[in-house]
Amino acid sequence: MKTPKIPDNTPYSDTQRAWLGGFFAGMHSHMLQSAQVANDQKDGRIINILYGTQTGNAESVADDTAATARNHGLTPIVKSMDEIEIDQLAAMEYLLIITSTYGEGEMPDNAQLLWDQVSADSAPKMDSLRFSILALGDTSYDEYCKAGIDWDNRLVGLGAERIYDRMDCDVDFEDAAEKWITSVIPMMAEGATVAIESPSADKKDKAKFSRKNPYVSKLLVNRLLTAEHSTKETRHYEFCLADSGLSYEAGDALNIIPQNCPELVADIIKAINCTGDEDEPVNGELMSFTESLLSHYEIKLPSKELIQEIAQRSGDQTLNNLLEANDKAKLSDYLWGRDTLDLLLLFPEMEFSAAEFLALLKPLQHRAYSISSSGKAHPESVHLTVASVRYQSHEREHKGVCSTYIADLIDDQTDVKIFFSPNKSFRVPADDDLPIIMVGPGTGIAPFRAFLQEREFRKAKGKNWLLFGDRNEATDYIYRDEIEAMQQTGVLSRLDLAFSRDQQEKIYVQDRMRENAQEMFSWLELGGYFYVCGDANYMAKDVDKALHKIIETQGNKTADQAIEYVNHLKKEKRYVRDVY
Ligand SMILES: Cc1cc2nc3c(=O)[nH]c(=O)nc-3n(C[C@H](O)[C@H](O)[C@H](O)COP(=O)(O)OP(=O)(O)OC[C@H]3O[C@@H](n4cnc5c(N)ncnc54)[C@H](O)[C@@H]3O)c2cc1C
Ligand SMILES: NC(=O)c1ccc[n+]([C@@H]2O[C@H](COP(=O)([O-])OP(=O)(O)OC[C@H]3O[C@@H](n4cnc5c(N)ncnc54)[C@H](OP(=O)(O)O)[C@@H]3O)[C@@H](O)[C@H]2O)c1
Ligand SMILES: Cc1cc2nc3c(=O)[nH]c(=O)nc-3n(C[C@H](O)[C@H](O)[C@H](O)COP(=O)(O)O)c2cc1C
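Residues numbered from 1 in each chain as written. Chains lettered and ligands numbered in written order. Predicted model: local features only at pLDDT ≥ 70, side-chain atom pairs only at ≥ 80, totals over all residues. Heavy atoms only, no water.

A tally of regular secondary structure across the protein gives 22 helices and 22 strands. Taken over C-alpha atoms, the radius of gyration comes to 25 Å for the protein, in line with the 25 Å a tight globule of 580 residues would show. For the protein, buried positions account for 54% of its 580 residues. A fraction of 77% describes how many contacts in the protein between residues 6 or more apart in sequence connect residues 24 or more apart. In the form shown here, the protein has an accessible surface area of approximately 26500 Å², with 48% of it arising from carbon and sulfur atoms. (Helix = DSSP H or I, 4+ residues; strand = E, 2+ residues; numbered from the N terminus. Rg over C-alpha atoms; globule rule 2.2 N^0.38 Å. Buried < 20%, exposed > 50% of the residue type's maximum accessible area, 1.4 Å probe, protein only. Contact = heavy atoms within 4.5 Å. Areas by Shrake-Rupley, 256 points an atom, 1.4 Å probe, with all protein chains shown as cover.)

Right, dumping it as structure tokens:
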């Protein structure tokens with residue numbers, strides 16, 4: 001690709017010119033277009049906006065930030081963190097980073113490579129960089145907003161100037177993000193030459209429905225996928241989109257805003273010796289305690305504040321020792337399988353007023369689900385594949401809030417609040433001729449059902465390989481008819497199954513990968529894409545290890561060369577994961 005020359009009459013500084021030069025040289029065509037927009041605008045300080053995201057929130061905030069920057073006459077360049085190299089970062093002058101945190105305090109996948117370079121001892125000084133960070137996270141995790149905090153500290157350590165304090169955002173990030181954007185952008189614009197642009201031309205086309213303004217849908221289908229006598233319960237759902245004007249892409253997630261189980265609400269009210277009729281203000285509206293617990297607060301997983309209060313009021317030695325020792329692992333062992341009601345039942349004498357109790361709870365959050373249909377094949381509905389969380393613990397039946405809300409508590413007449421989360425990185429290849437490998441055990445199959453429908457709809461010629469697994473073939477081979485039909489029609493070119501509990505030794509999808517290492521590597525060499533969906537804690541890590549080993553052995557590479565190969569796949573967005 002030819003490197004475009006930056007005209008001398010543009011207001012870019014030498015460092016910006018140097019960066020743009022290097023930037024142009026190494027980037028893909030869509031990146032070229034956006035930088036050329038910057039060039040065409042002639043004026044306006046360049047503000048680099050980098051996002052680290054797993055499920056799209058940070059990317060959407062980055063787009064909002066760019067829209068505001070344009071309205072201030074600045075020239076924003078929005079990039080995913082895996083689209084730039086460290087020398088490009090070091091050459092920047094104005095930088096905004098928006099990143100989520102994943103795993104247990106880890107970087108999201110698309111931020112990891114750049115972070116590895118930035119956190120290395122060999123990282124260059126960044127004395128001329130002025131920056132600010134917006135960190136997305138969730139206070140229910142121990143390592144709250146750790147990725148954003150790490151970036152913030154490291155950039156300062158490398159000599160960069162923090163021009164506006166980092167903003168850490170909890171799950172309901174929109175207001176805090178807006179505050180950060182409207183504060184930091186004018187600071188970035190201070191003293192700058194601004195573009196002569198009509199602000200209205202830069203207005204962002206906002207999604208019609210969001211977490212704060214969800215679409216109210218109806219359930220069309222609730223079908224048990226696993227057999228009646230399975231050890232699991234996995235269900236197929238379809239929600240209506242007709243007349244909504246909404247559309248989605250294969251790879252996106254659907255969020256559901258659930259309601260709590262009425263029996264659990266009643267049991268909690270009884271346990272703290274309230275009646276449920278107490279009127280309490282919630283978001284400026286007066287409602288009964290019962291109603292507030294049903295619809296507005298997380299009542300299954302106990303908040304840190306509630307645990308602390310229970311420990312303090314009860315004076316319980318075990319709980320207090322655990323909290324004082326600050327040993328997260330031991331506390332987490334103690335809490336495993338214990339929900340809010342279990343904790344309350346430990347101390348039957350303990351009472352709370354409704355107001356006291358509500359003050360100790362977190363807002364009830366939506367749950368995300370990988371969409372299992374293609375929006376092209378099913379424009380009027382959206383499908384999900386959901387494992388119902390049910391388990392026996394501390395002599396009670398426990399139920400996951402959202403998975404059993406949709407399984408048990410709603411019918412075709414219920415208003416169900418939903419909204420989409422686009423995941424632009426998790427997509428079938430734009431080139432229909434390229435092969436794809438999909439690793440999705442358990443509910444991890446969801447987006448791959450969508451991908452197969454999408455490839456079928458597009459009449460894509462590229463080969464499709466699915467690796468699926470679950471506990472037992474007889475009871476847990478979900479979507480078997482559809483899968484076999486797709487094999488018949490040729491849409492599914494290869495299928496490998498791993499049923500873990502059908503024999504003494506566990507067999508997992510990564511075992512099937514290893515057995516087919518040669519073919520798998522040859523698909524990658526043909527430009528193939530490698531997708532993983534499902535459990536993040538064990539499966540995705542083991543699959544990642546197996547992938548590295550396959551590349552090492554089949555590609556005749558050292559371990560370091562295999563890492564490089566995988567990093568290259570990640571950079572090209574040919575190795576992407578939707579793991580949770
Ligand atoms: C991007 C994304 C995509 C997802 N896609 C899917 C999908 O396609 N399908 C799907 O089914 N899920 C998916 N999930 C998971 C989903 O969002 C919910 O986390 C899941 O349905 C559980 O929610 P819940 O409200 O039913 O349970 P919650 O009320 O949130 O309870 C879950 C909690 O219960 C406890 N728990 C669970 N099992 C046990 C046990 N056996 N013993 C003791 N304690 C236990 C744990 O503390 C666990 O965190 C996805 C998540 C993300 C982030
Ligand atoms: N991080 C999370 O909170 C998380 C992640 C995923 C799923 N879940 C929850 O778990 C429930 C069921 O989920 P699910 O249907 O997606 O999957 P699942 O039941 O957990 O597992 C599906 C298959 O993956 C196998 N498996 C277990 N460990 C593995 C490993 N290290 N590598 C490869 N495969 C492995 C399982 O085998 P065995 O069970 O026989 O070992 C099973 O055959 C749901 O409630 C879901 O929400 C939670
Ligand atoms: C599996 C998983 C792990 C997470 N781990 C953390 C964490 O360790 N710390 C934290 O603050 N937030 C954590 N989060 C919350 C995300 O950072 C938060 O939902 C964020 O808005 C996601 O933004 P994104 O869509 O841009 O990735 C986690 C979320 C999920 C689903």
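Having seen the structure, we can now continue with the description.
Close contacts around ligand 1 come from 22 residues, with Arg 367, Ala 368, Tyr 369, Cys 402 and Ser 403 the closest. A distance of 2.7 Å is found between an oxygen atom of ligand 1 and a side-chain nitrogen or oxygen belonging to Tyr 369. Within the side chain of Ser 403, one N or O atom sits 2.5 Å away from an oxygen atom of ligand 1. Coverage of ligand 1 by the protein chains reaches 75% of its 990 Å² of free accessible surface. Looking at the shell around ligand 1, the elements that each hand over two or more residues are strand E13 (367-370), strand E14 (381-387) and helix H15 (401-409). For the shell around ligand 1, the element with the highest residue contribution is E13, accounting for 4 residues. Looking at the shell around ligand 1 residue by residue, the class counts come to 12 nonpolar, 7 polar and 3 charged. Looking at which domains feed residues into the shell around ligand 1, each of domain 2 (213-258 + 368-580) and domain 3 (262-359) gives three or more. (Near = heavy atom within 4 Å. Polar contact = N/O pair within 3.5 Å; in protein donor to acceptor, adjacent residues only side chain to side chain. Nonpolar A, V, L, I, M, F, W, Y, C, P; charged D, E, K, R; others polar. Domains from an automatic or database assignment.)

Now for the site of ligand 3. Taken together, 20 residues surround ligand 3, and among them Thr 53, Thr 55, Ala 58, Thr 101 and Cys 145 come closest. In the environment of ligand 3, an oxygen atom lies 2.8 Å from a nitrogen or oxygen atom belonging to the backbone of Gln 54. Within the contact set of ligand 3, an oxygen atom lies 2.8 Å away from a backbone nitrogen or oxygen of Ala 58. Against a free-state accessible area of 650 Å², the protein chains account for coverage of 89% of ligand 3.

What follows concerns the domain arrangement of the protein. The domain architecture assigned to the protein consists of domain 1 (14-202), domain 2 (213-258 + 368-580) and domain 3 (262-359). Computed from C-alpha atoms alone, the centre-to-centre distance between domain 1 and domain 2 is 31 Å. On the domain 2 side, the residues contacting the 15 residues of domain 1 number 11 residues. Of the roughly 1200 Å² buried between domain 1 and domain 2, counting both surfaces, carbon and sulfur atoms make up 34%. In terms of surface lost to domain 2, no three residues of domain 1 exceed Asp 82, Asp 109 and Leu 113, which account for 39% of the buried area on that side. (Buried area = accessible area lost by both parts, 1.4 Å probe.)

On inspection of all chains with the given rule, the structure shows 1 cavity of 30 Å³ or more. Space inside the largest cavity adds up to approximately 70 Å³. As for the largest cavity, its lining consists of Ile 445, Phe 448, Arg 449, Leu 452, Leu 466, Tyr 479, Glu 482, Ile 483 and Met 486. Looking at the lining of the largest cavity, the elements with two or more residues in it are helix H16 (446-457) and helix H18 (480-489). Counted by class, the lining of the largest cavity contains 7 nonpolar, no polar and 2 charged residues. (1 Å grid on protein atoms, 1.4 Å probe; cavity = no way out; pocket = protein on both sides within 12 Å on 5 of 7 lines; lining within 4 Å. Points joined across faces, edges and corners; volume = space filled by probe spheres on them.)

On to the sheet that holds strand E9 (residues 234-240). On the basis of which strands lie adjacent, the open sheet formed by 3 strands has the order E8-E9-E14 and antiparallel pairing. Pairing within the sheet leaves two strands with one partner each, and these edge strands are strand E8 (219-224) and E14. The sheet shows a mean angle of 15° between the axes of neighbouring strands, taken without regard to direction. In this structure, E9 lies alongside E14, joined through 7 bridges in antiparallel fashion. Its bridge partner being in E14, Arg 235 is matched across the sheet by Val 386. Lying over the sheet, H15 contacts E8, E9 and E14, oriented at roughly 75° with respect to E9. (Pairing = 2+ DSSP bridges. Axes fitted to C-alpha atoms, helices over the stretch in contact; angles between N-to-C directions.)

In space, the 5 strands of this open sheet follow the order E20-E19-E18-E21-E22, with parallel pairing throughout. Looking at which strands have only one partner, the edges of the open sheet turn out to be strand E20 (494-499) and strand E22 (575-579). Going across the sheet, the axis of each strand differs from the next one's by a mean of 10°, ignoring polarity. Alignment of strand E21 (residues 529-534) against E22, held across 5 bridges, turns out to be parallel. Of the residues in E22, the one forming a bridge with Val 532 is Arg 577. Lying on the sheet, helix H21 (residues 539-554) is in contact with strand E18 (436-439), E21 and E22; it crosses E21 at an angle near 155°.

A few words on the pairing of strand E12 (residues 285-288). Pairing geometry for strand E11 (residues 279-282) and E12, over 4 bridges, is antiparallel. Within E12, the residue paired with Glu 280 across the bridge is Met 287. Connecting E11 to the next strand, E12, in antiparallel fashion are 2 residues, including Asn 283 with a positive phi near 50°.

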